[in-house]
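One-letter residues, chain by chain:
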Number of protein chains: 4
Amino acid sequence: MASQKELTVGVIGCGYWGPNLIRNFSSVKGWRVKYICDLNSNRLAQIHEQFPWTQPVTDATVLFDDKELDAVAIATPVSSHCSLALAALEAGKHVLVEKPLAASRADAEQIVLAAERAGRILLVDHTFIYTPAVQKIKQLVEAGELGDLLYFDSVRINLGLFQHDINVIWDLAPHDFSIMDYLFADKPVAAAAHGMCHFGNQEDMAYVTAFFERNIIAHFHVNWLSPVKIRLILIGGSRKMVLYDDMENSEKVKVYDRGVDVVDSLGGIYSLLVQYRMGDMYSPKLDTKEALRSEVEHFRDCILSERQPITDGHMGLRVVELLEAAQHSLESGGSRVPVRDMKTS
Amino acid sequence: MASQKELTVGVIGCGYWGPNLIRNFSSVKGWRVKYICDLNSNRLAQIHEQFPWTQPVTDATVLFDDKELDAVAIATPVSSHCSLALAALEAGKHVLVEKPLAASRADAEQIVLAAERAGRILLVDHTFIYTPAVQKIKQLVEAGELGDLLYFDSVRINLGLFQHDINVIWDLAPHDFSIMDYLFADKPVAAAAHGMCHFGNQEDMAYVTAFFERNIIAHFHVNWLSPVKIRLILIGGSRKMVLYDDMENSEKVKVYDRGVDVVDSLGGIYSLLVQYRMGDMYSPKLDTKEALRSEVEHFRDCILSERQPITDGHMGLRVVELLEAAQHSLESGGSRVPVRDMKTS
Amino acid sequence: MASQKELTVGVIGCGYWGPNLIRNFSSVKGWRVKYICDLNSNRLAQIHEQFPWTQPVTDATVLFDDKELDAVAIATPVSSHCSLALAALEAGKHVLVEKPLAASRADAEQIVLAAERAGRILLVDHTFIYTPAVQKIKQLVEAGELGDLLYFDSVRINLGLFQHDINVIWDLAPHDFSIMDYLFADKPVAAAAHGMCHFGNQEDMAYVTAFFERNIIAHFHVNWLSPVKIRLILIGGSRKMVLYDDMENSEKVKVYDRGVDVVDSLGGIYSLLVQYRMGDMYSPKLDTKEALRSEVEHFRDCILSERQPITDGHMGLRVVELLEAAQHSLESGGSRVPVRDMKTS
Amino acid sequence: MASQKELTVGVIGCGYWGPNLIRNFSSVKGWRVKYICDLNSNRLAQIHEQFPWTQPVTDATVLFDDKELDAVAIATPVSSHCSLALAALEAGKHVLVEKPLAASRADAEQIVLAAERAGRILLVDHTFIYTPAVQKIKQLVEAGELGDLLYFDSVRINLGLFQHDINVIWDLAPHDFSIMDYLFADKPVAAAAHGMCHFGNQEDMAYVTAFFERNIIAHFHVNWLSPVKIRLILIGGSRKMVLYDDMENSEKVKVYDRGVDVVDSLGGIYSLLVQYRMGDMYSPKLDTKEALRSEVEHFRDCILSERQPITDGHMGLRVVELLEAAQHSLESGGSRVPVRDMKTS
């Protein structure tokens, strides 16, 4: 089905994110958007005007039944991810799914297993992983420039649109959970979450802490009620530390040669044993390539070379597991909830 | 003892903060620094050179025994606050104590009761309360400009000096706990804390959440391991929201006419019931007066007019209670620990 | 020709800016893009793929000869503006011309006169005038909130693409000249300019000063050699002052209640007669509407209601006059060159 | 007179800056402040309270007549610099003079010659030269890291105190003129200045351009009427560029690996011959030492080792020459005025 020449894709869901997928699949070499699909025919017609070379359908089974179609991209509400992804995989399609992969750990596991069974590529759309900023930080981590990772601290807040079907954790934290998952070899073993529901019936702000076997801690502040937009990630390493400020126009990533030296002091218990170290900062030049474009190219390359995507189903599952643990903690007053690892299930 | 003309004070502890107290007591009208006191005679001599009009003593009992002395300022390590404060109050001195008031709730209560018994002024040096920024926010809160308070979120992080006797919560959080206590009429009923000790034997970073009877949540990130210095407080109100960025040279306080309106929708449960509102921002002009100077003047005025300071022993005690609850939570893996209120004890 | 239902436009020039015009004319109600035109047929084909509903032509006379076509938008290099605009106006088309209106004062005058003769709308694409930021500042000026205008200071610098046909003044200063022209009722009577040509054969950085009959001064720093991108305009008024920072994501416009009071001092000539005043700052909420979209709507409304655009040919001409005066000054070593006003010509 | 053990200094002028000199001379090893001097005996008494170990005098001749006194620091209004400096040098004192060195080129020359005749150290208090930021930039320049210097652009603006005796150029530009003089081996050969006097009788804002023999340009914006405080210097080099933002708490100096490459294109005149280059940025860690303290130590070292200070009389004279040229240009409507170099006089 997949040929070296051109892959075809159908995009299901033409809401907020779908058109971005259509646009990128349309402009990347090697892809052709064959179908666009939405239950709402008015919305479908409106999007079709922008992409007149696609075939609009309201019924997703048209895609699954088209033997020529290579891949399906699912950008529908999270509750429908599982059934659509399973149907697409069963029909032999490669699948790109909007984040989070599914509404529950059980559903996410089903999708991952189905993809493995079908021998098809499953890519979860954790777009941030494909940003030049995160790619650069990954390089720093892998080159050992940060030393041992000590903590991950993320703030993702703004005056956000209130969602009805999901709370602020499920809305915003998948970004940060996936970034941490990508950068940190260690995986969280437990999570605790506190939140507050001021309006409506979903938490509009929350604080999630993730715990590890080793001396690492991670923390996430997600908030729909902030007057200002902050997108700030701090990564502490034993050698260097990174500040990733996504609101900066340039200089999004700053690497600080700052840290702590443990000094072998002979001067008794009152002498300073732990000293901080201040050095230069540098901000690497970043590409300006759109992340979603890189992701769509990566999806193509993975299909053609039968490689696993960097945001594969396992990452998607780990993100859902952490979401679920945080949700359980939230519902139990903030207690520490284990994150079950697939390997141990 | 106290006269309209001039009050005398002795400053105990000439470490990092003591000289700031001496300098401000020296320059404010109505105060005269009679003694400076430190156990370390070398340090004492060094500070005496800067303030040659004071009398240096290594023994604090000289101050307590001087019947003419009106007040004592205690800027020693927290473990010695209780005994020094009690001795000073018993000797009939007015007392200014460095924050936190004491190392435990029990000690703090003792000091508060001793001050009440002695009929002397007890001022806890929560300096931030006297900053023009916090004073301005207090005015906004009291004028109802923010509406109902929804949350308090504070980040106080930098590459800090590691302390040996206290962890990062006891070092940094008293600032934020006191600011919240001053601004919020509601008081926390429970706290939860997570932290990590990467180096040395004290937590070098921690996250504290405070819970209230009503729909309010407060959160505090304190950290000695951040490559950058951030001092940021967000206060969410139902009408307006405040961002207080202490690292800004000017425009430290920004008031956002932004928030959430709950709309009475008739269109069924799927229609948007909660909408955000975006309006102007303004940044009030702030005084440039040094906070510690205002505090020392306030201490003088409270003594002369027999008024309670705005940072009185009760505030100091509430801060210690919250510290202690956070500490207990930290030690019990993050469980929710009640904050015992003095009124109910 | 013009009907209430739909106006048709042909866009000449499909380089950097043309596609933005095509996109906005395509999405604004009341406009239909009938033709797109470029001498380069490869480029034309490439753009046509994005806008397949348009008719691609390499010869602009097709547009002029189409009796049904209402308007022409010219986004070609500045040297061709004059001949194209004249041809379009003679053919009875309404014309939108990229900034600057023309390469010389003489050419610009010809276009303005031709538009008046033809009774057609001539809109110069000074896009910044249609930004929510400039519109808001205009409101402040007109409401008298700034008092008397004292100065206009602009910095527009970055590491820019070197142009071969025009220097940095002709490339960047039209933006600032038009903003000043829009906001200031007073018009400059002379200009002086200093610049430097480090590479290539065009000035890559320049400083332009504009002089007025009254006590107003304006200054413009344009630069292709700056390591950072700065887009900062300061407007001093006798009552308030404005800072317009176009690099800010939000809070682009800040209004400072700061200024100078001349105090009637009786204490002799050495006493302070001039005092500064510090008050609050506020940052008005701005629309997020794309400026070019507003401009294209305005062009439509002006045609339908036979009104003059706010960026009409006279503004376009004044901008060219100031450019020409600055250019003459640059070539004469920075001497003060009069800006001839059309009214006096 | 000068001994290895301790140098004595008398500080003349106890206005705004004098106390900073007294404080630093008092705290630096090797210096003892013997006299403080001011014509205003009330002010003198007030300052003496802070520095009780000094001898207050209202008559500067006491200092000149004291054979034991090594040095004099002059922090009086600029009009008195010449007579005081000449008297001090004639009395054999080493002299530190507040910037600018004198009110005219003629006066400045007299002082420089008098110092050379007397064989005494003359240090002009261009404090910024001693900041860690400027010292770091100097190192970068000398190491060739910036390549050939292309331009110097400075903005020094705020809502400033209006001066009666000097305009904004003489008030603020000496800082930037001295920094440029220190960093750039090339010296300006001419200057042009435009300004405006909105209030009072002195220019409250001005733009100064300096010209060089080679392809270098320098520009200075000084302004007492800005609602915000900006202290920004850009230095363009052919290899790297520097941004020095003195309002930043940390990261005052940023070095950009950005610039322009002239490409030898064979593709005809329309191909791009000049291309920009974007690389990393880094911000070197800076000392936190107070500049005036370094300066006072340097003054001591120069006296003891009979070396010329880095801010010697020749630099002071060059700054005054540029000020005078700018002033003449301002008075002649902005014409280009030669900067006479001492070497050619």
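Along every chain, residues carry numbers that run from 1 in the direction the sequence is written. Ligands are numbered from 1 and chains lettered from A, in the order in which they are written. Totals for whole chains, interfaces and linings use every residue, but because this is a predicted model, local features are given only for residues with pLDDT of at least 70 and side-chain atom pairs only at 80 or more, for both listing and counting. To get the side-chain values, take all heavy atoms of the structure and skip hydrogens and water.

Participant: Just to check I follow, could you spell out the overall build of chain A for this structure?
Facilitator: A run of H or I in DSSP counts as a helix once it spans at least four residues, and a run of E counts as a strand once it spans at least two, with each numbered from the N terminus. Counting secondary structure elements, chain A contains 9 helices and 15 strands. Here the C-alpha atoms of chain A give a radius of gyration of 22 Å, agreeing with the 20 Å that 2.2 N^0.38 yields for 345 residues. A principal-axis box enclosing the C-alpha atoms of chain A has dimensions of 75 × 45 × 40 Å. Taking all 345 residues of chain A together, 62% fall into the buried category. We call two residues contacting when some pair of their heavy atoms lies within 4.5 Å. When contacts within chain A are restricted to residue pairs at least 6 apart in sequence, those whose partners lie at least 24 apart make up 67%. Computation of the radius of gyration draws on C-alpha atoms alone. For the globule rule, the value is 2.2 Å times the number of residues to the power 0.38. Residue exposure (1.4 Å probe, protein chains only): buried if accessible area is under 20% of the type maximum, exposed if over 50%, otherwise partly exposed.

Participant: Is there a simple way to explain the pattern of salt bridges in this structure?
Facilitator: Side chains bearing opposite charge may pair, as long as their charged atoms lie close to each other. Residues and elements named next belong to chain A. The salt bridge criterion pairs a side-chain nitrogen of Lys or Arg with a carboxyl oxygen of Asp or Glu, the two atoms within 4 Å. Counted according to the given criterion, the structure contains 68 salt bridges over all chains. Taking the shortest distance from any N to any O, the salt bridge between Arg156 and Asp176 comes out at 2.9 Å. Linking Arg156 in strand E7 (residues 149-159) with Asp176 in helix H7 (residues 168-183), this pair joins segments that are 20 residues apart in sequence. There is no split in this pair, since Arg156 and Asp176 are both buried. Ionic pairing is found between Lys187 and Asp181, a salt bridge with its closest N-O pair at 3.4 Å. For Lys187, a relative accessible area of 24% translates into the label partly exposed. Taken together, the shared-partner salt bridges in this structure form one network comprising Arg105, Glu109 and Glu321.

Participant: Got a minute to help me understand the domain arrangement of chain A in this structure?
Facilitator: The accessible area lost on association of the parts is a frequent measure of interface size. All names here are of chain A. Domain annotation for chain A reports domain 1 (2-127 + 291-309) and domain 2 (129-247 + 323-344). Between domain 1 and domain 2, the contact holds 17 residues from the first and 14 residues from the second. Considering only the side of domain 1, the residues that lose the most area to domain 2 are Lys99, Arg105 and His126, jointly responsible for 43% of the buried surface there. Any N or O atom pair separated by 3.5 Å or less is treated as a polar contact, with the protein-specific requirement of one donor-capable and one acceptor-capable atom, and with residues adjacent in sequence counted only for side-chain atom pairs. Connecting domain 1 to domain 2 are 5 residue pairs in polar contact (both at pLDDT 80 or more). Residue composition of the side of domain 1 that touches domain 2, by class: 8 nonpolar, 5 polar and 4 charged. Reported domain spans reflect what an automatic or database domain assignment gives. By definition, the buried area sums, over both parts, the 1.4 Å-probe accessible area that each loses when the two are put together. Asp, Glu, Lys and Arg are counted as charged, while Ala, Val, Leu, Ile, Met, Phe, Trp, Tyr, Cys and Pro are counted as nonpolar; the rest, among them Gly, fall into the polar class.

Participant: I keep staring at the relation of the copies chain B and chain A and nothing clicks. Help me out?
Facilitator: Turning one copy of the chain about an axis and sliding it along that axis gives the other copy, so a rotation and a shift relate them. Each copy superposes on the other: chain B lies on chain A with an RMSD of 0.1 Å after a rotation of 180 degrees and an axial shift of 0.0 Å. Accordingly, the operation relating the two chain copies is best matched by a two-fold axis. When each C-alpha of chain B is compared by its distance to the rotation axis, Ser335 of chain B comes out closest, at 3.1 Å. Least-squares fitting of one copy onto the other uses the C-alpha atoms of those residues that reach a pLDDT of at least 70 in both copies.

Participant: Help me out: how do you make sense of the relation of the copies chain B and chain C in this one?
Facilitator: Rotating chain B by 180 degrees and moving it 0.0 Å along the rotation axis overlays it on chain C with an RMSD of 0.0 Å. Mapped onto chain C, 100% of the interface residues of chain B again fall at the interface, so both copies present the same surface.

Participant: I would appreciate a short explanation of the interface of chain B and chain A in the present structure.
Facilitator: At the interface, 52 residues of chain B touch 51 residues of chain A. In terms of surface lost to chain A, no three residues of chain B exceed Leu159, His194 and Pro227 of chain B, which account for 14% of the buried area on that side. In this assembly, chain B and chain A are joined by 0 salt bridges. If you look at where chain B meets chain A, you find 15 residue pairs in polar contact (both at pLDDT 80 or more). At the level of elements, strand E7 (149-159), strand E8 (190-196), strand E9 (205-211), strand E10 (217-223), strand E11 (225-237), strand E12 (241-245), strand E13 (253-262) and strand E14 (274-283) of chain B are the ones that each hand at least two residues to the side of chain B that touches chain A. It is E11 of chain B that provides the largest number of residues to the side of chain B that touches chain A, a total of 7 residues.

Participant: Honestly, helix H8 (residues 291-305) of chain B in this entry has me stumped. Any pointers?
Facilitator: In an α-helix there are 3.6 residues to a turn, and that puts residues three or four apart on one side. All names here are of chain B. In this model, H8 (15 residues) spans 21 Å end to end at C-alpha, consistent with the 21 Å of a helix rising 1.5 Å per residue. The buried fraction of H8 is high, at 11 of 15 residues. Within H8, burial applies to Ala291, Leu292, Ser294, Glu295, Val296, Glu297, His298, Phe299, Arg300, Cys302 and Ile303. Each element contacted by the buried residues of H8 is listed here: strand E1 (7-12), helix H1 (18-27), strand E2 (31-37), strand E4 (71-74), strand E5 (94-98) and strand E6 (122-125). Note on H8: the residue one or two positions beyond its end, Glu306, has a positive phi of about 55 degrees. How far a helix is expected to stretch is found by multiplying one less than its residue total by 1.5 Å.

Participant: Looking at this structure, how should I read the environment of Met278 of chain C?
Facilitator: Along the polypeptide, Met278 of chain C turns up in strand E14 (residues 274-283). Separated by 21 residues in sequence, Met278 of chain C and Asp257 of chain C place their C-alpha atoms 6.5 Å apart. Setting aside residues no more than four positions away along its own chain, Met278 of chain C makes contact with Lys285 of chain B, Asp257 and Arg258 of chain C together with Leu159 of chain D.

Participant: Where do I start with the packing of helix H4 (residues 81-90) of chain C against helix H5 (residues 105-118) of chain C in this structure?
Facilitator: How two helices sit against one another is set out by the angle between their axes and by the gap between those axes. All names here are of chain C. Working convention: axes come from line fits to C-alpha atoms, limited for helices to the stretch in contact. Angles between N-to-C directions cover 0 to 180 degrees. Interhelical geometry of H4 versus H5 gives an angle of 10 degrees and a closest axis separation of 9 Å. Here H4 lies roughly parallel to H5, going by the angle between them. Mapping the contact onto sequence places His81, Cys82, Ala85, Leu86 and Leu89 in H4 and Asp107, Gln110, Ile111, Ala114, Ala115 and Ala118 in H5. For the contact of H4 with H5, the per-class residue count stands at 8 nonpolar, 2 polar and 1 charged. Each angle receives one of four descriptions, namely roughly parallel if under 35 degrees, roughly antiparallel if over 145, roughly perpendicular if within 65 to 115, and oblique otherwise.

Participant: Got a minute to help me understand the packing of helix H1 (residues 18-27) of chain A against helix H8 (residues 291-305) of chain A in this structure?
Facilitator: Residue and element names in this part refer to chain A. Across the interface, H1 lies against H8 with an axial gap of 9 Å and an inter-helix angle of 60 degrees. Classed by the angle they form, the pair H1 and H8 counts as oblique. In terms of crossing hand, the pair formed by H1 and H8 is right-handed. Contacts from Asn20, Leu21, Asn24, Phe25 and Ser27 of H1 reach H8 at Leu292, Arg293, Val296 and Phe299. Classifying every residue of the contact of H1 with H8 by side-chain character gives 5 nonpolar, 3 polar and 1 charged. Crossings are sorted by hand: turned counterclockwise from the far helix by less than a right angle, the near helix makes the crossing left-handed, and turned clockwise it makes it right-handed.

Participant: Is there a simple way to think about the confidence of the model for chain A in this case?
Facilitator: Any segment with low pLDDT has predicted coordinates that should not be analysed in fine detail. Residue and element names in this part refer to chain A. Scored by pLDDT, chain A has a mean of 93; 94% of the residues are at 70 or more. As a per-residue measure, pLDDT reflects the predictor's confidence and takes values from 0 up to 100. Across residues 268-272, where pLDDT falls below 50, the model places 7 contacts with residues more than four positions away in sequence or in other chains. Predicted complex metrics record ipTM = 0.93 and pTM = 0.94.

Participant: In this structure, what is going on with helix H9 (residues 313-331) of chain B? I would like to understand it.
Facilitator: Residues and elements named next belong to chain B. The first and last C-alpha atoms of H9 sit 26 Å apart over 19 residues, in line with the 27 Å expected at 1.5 Å per residue. The opening residue of H9, the one whose side-chain oxygen lies 3.1 Å from the backbone nitrogen of His314, is Asp312. Remark: Gly333 follows H9 within two positions and exhibits a positive phi of approximately 75 degrees.

Participant: I keep staring at the interface of chain B and chain C and nothing clicks. Help me out?
Facilitator: Each side of the interface is counted separately: chain B has 11 residues, and chain C has 11 residues. Roughly 1000 Å² is buried in total at the junction of chain B and chain C, and carbon and sulfur atoms are behind 51% of that figure. By the criterion of area lost to chain C, the three top residues of chain B are Glu251, Met281 and Lys285 of chain B, representing 48% of everything that side buries. Viewed at the interface, chain C and chain B are joined by 2 salt bridges. The partner of Glu251 of chain B in a salt bridge is Lys254 of chain C, with the nearest N and O atoms 3.2 Å apart. The interface formed by chain B and chain C includes 8 residue pairs in polar contact (both at pLDDT 80 or more). Considering only residue class, the side of chain B that touches chain C consists of 5 nonpolar, 2 polar and 4 charged.

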